Amino acid sequence: METKENIDNNIETAGHRLVILGGGESGVGAAILGKKLGMDVFLSDAGSIAPRYADELTRRGIPFEQEGHTEALILNADEVVKSPGIPPTAPLVEKLSAQGTPVISEIELAGRHSDAKMVCITGSNGKTTTTMLIYHILREAGLNVGLAGNVGKSLAWQVAESDHDVYVVELSSFQLENMYRFHANIAVILNITPDHLDRYNFEMQNYINAKFRILQNLTPTDAFIYWEDDPVITAQLRRIETEARLYPFSEHRHEDSAAWVDADGKVVFNTPEEDFEILRTELSLRGLHNLFNSMAAGLSACLLDIRKDSLRRALSNFEGVEHRLEFAGEKDGVRWINDSKATNVNSCWYALESMPDNKSTILILGGKDKGNDYSEILPLVEKKVKAIVAMGLHNEKIVDFFNGHVDAVISTGSLDEAVDTCRMLSEKGDTVLLSPCCASFDLFKSYEDRGRQFKDAVRRLTDEK
């Protein structure tokens, strides 16, 4: 396994052999940065590389292979940048680790070669919305800011060719696994609930530990922003130490809260850098989960000395994120909502929390189950949901769990069948909510693909005469 010592030995060694595993956005970005630094770069992908990325590598003279790995060209690396989607248990990664070859992330590589401020966001739910909102606030304020990580362009690619003064970086637990010396100036953990447990040997603590790697290397001048009512976060903070300044947020004020909602409905931000208030009704994002996202974003902006008028304007005019509680259309008085980004149970909980209490919601669930426990959403389902439509190749677990708790649970094997079923079950005043709780890889390429196909189906529906 990599240690800080053998990672350190490779940090500033120009000319050493850098091998990239994975030819997506992050991998190609790492290859471009490596070549700029004078490294001997080689990229390898077990699958096919998208033509736009293959063309980019060819144009730049970076050698690569696809549809398989040539071990001799990989095991001779001085250092390897691994795609976050490749698990540490992959045979080739295990071979590299066994021979002591450092395996790092693209974010780790990029961070070594940038002096920009890093605002880094993680959590089980709300990462993308919060990341995009912080980016929106900083752009509105006129900062030279880049968007990276799970959204935006590769951080390494930007460091190589268009370095910014500030980066807003969304970080998954997978990316954090292979980050060692990377230093966040502002670290945000929104929440931690069970997710990706199949990656972590079904041990929740392993997942928690991965998320908390965002705190490593924080100094007393850095900031840690977190939801202080999350029991997992607060329990972990009792186990570990951090030198960073703490900025907790909560719906209701605690003694140490840095952001909360007061009795007059104002969201209050209270930091040494800035005091700021905005009516909750002025926030562009609705729902309790989005209140927390707005608090985390607002605190980040206060710590970066964003002017109050600019912050107020940005919190009020942000338009939200595709595939997260996105209005998809209305037909015959039935609203259709695309929440395809809800790939875990807790994310679906937040979506259901924003639905009316009159059992007028038809909920579409299903996909690749990651060890889901649906009991977390059961009270909201019983209160708000009239029917569940399961959409996937294996719907047995959903059907068995929810049978008897709602009026109807129907299994479907395709998106078109699910949409047709929802149309049959719905009536004026209902909401059809796609909030699947599951990964998309049984029927779709990604949650984005699932969401776009859903929106296309709704568009065809609403276009009917």
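Scroll up for the structure.
Because the structure is a prediction, the values reported are computed rather than measured.

### Some points on the overall build of the protein
From N to C terminus, the protein includes 17 helices and 20 strands. Computed over C-alpha atoms, the radius of gyration of the protein comes to 23 Å, within 12% of the 23 Å expected from 2.2 N^0.38 for 465 residues, which places it in the range of a compact globule. Considered along the principal axes of its C-alpha atoms, the protein spans approximately 65 × 50 × 45 Å. When burial is assessed residue by residue, the protein has 57% of its 465 residues classed as buried.

### A closer look at the sheet that holds strand β18 (residues 385-391)
Strand order in the open sheet made by the 6 strands is β15-β16-β20-β17-β18-β19, with mixed pairing throughout. With one partner strand each, in any of the chains shown, β15 (326-331) and β19 (408-412) form the two edges of the open sheet. Across this sheet, the average inter-strand angle for adjacent strands is 20°, counted without regard to direction. Relative to the sheet, helix α13 (residues 345-353) contacts β17 (361-365), β18 and β20 (431-434), its axis offset from that of β17 by approximately 165°. This element, helix α17 (residues 447-463), spans β15, β16 (334-338), β17, β18 and β20 of the sheet and lies at about 20° to β15.

### Notes on the packing of helix α16 (residues 415-425) against α17
One can describe the packing of α16 onto α17 by two numbers: an axis separation of 10 Å at closest approach and a directional angle of 45°. The angle between α16 and α17 falls in the class oblique. Relative to α17, the crossing made by α16 is right-handed. Side by side, α16 and α17 meet where L415, D416, V419 and R423 of the first sit next to R450, Q453, F454, A457, R460 and L461 of the second. Of the residues assigned to the contact of α16 with α17, the class counts are 5 nonpolar, 1 polar and 4 charged.

### Overview of the side chain of N191
Its place among the elements puts N191 in the loop between β9 (186-189) and α9 (204-211). Among the polar contacts listed, one links the side chain of N191 to the backbone nitrogen of N125, at a separation of 2.9 Å. In this structure, N191 is in contact with G123, S124, N125, W227, D230, I233 and Y350, ignoring residues within four places of it in sequence.

### Some words on helix α2 (residues 25-36)
Spanning 12 residues, α2 covers 17 Å between terminal C-alpha atoms, matching the ideal 16 Å at 1.5 Å per step. For α2, the buried fraction is high: 9 of the 12 residues fall into the buried class. All buried positions along α2 are accounted for by S26, G27, V28, G29, A30, A31, I32, L33 and G34. For α2, the elements touching its buried residues are β1 (17-21), β2 (40-44), α3 (51-59), β4 (79-82), α5 (106-111) and α7 (155-161). One or two steps after α2, the chain reaches G38, where phi turns positive at roughly 85°.

### Some points on the environment of G29
Considering the arrangement of structural elements, one finds G29 in helix α2. Sequence separation between G29 and Q66 is 37 residues; the distance between their C-alpha atoms is 17 Å. Each residue touching G29, except ones within four places of it in the same chain, is listed here: S154, A156 and W157.

Reading the values: the criteria
- Residues numbered from 1 in each chain as written.
- Predicted model: local features only at pLDDT ≥ 70, side-chain atom pairs only at ≥ 80, totals over all residues.
- Heavy atoms only, no water.
- Helix = DSSP H or I, 4+ residues; strand = E, 2+ residues; numbered from the N terminus.
- Rg over C-alpha atoms; globule rule 2.2 N^0.38 Å.
- Buried < 20%, exposed > 50% of the residue type's maximum accessible area, 1.4 Å probe, protein only.
- Pairing = 2+ DSSP bridges.
- Axes fitted to C-alpha atoms, helices over the stretch in contact; angles between N-to-C directions.
- Contact = heavy atoms within 4.5 Å.
- Parallel < 35°, antiparallel > 145°, perpendicular 65-115°, else oblique.
- Left-handed = near helix turned anticlockwise from the far one by under 90°.
- Nonpolar A, V, L, I, M, F, W, Y, C, P; charged D, E, K, R; others polar.
- Polar contact = N/O pair within 3.5 Å; in protein donor to acceptor, adjacent residues only side chain to side chain.
- Expected span 1.5 Å × (residues − 1).

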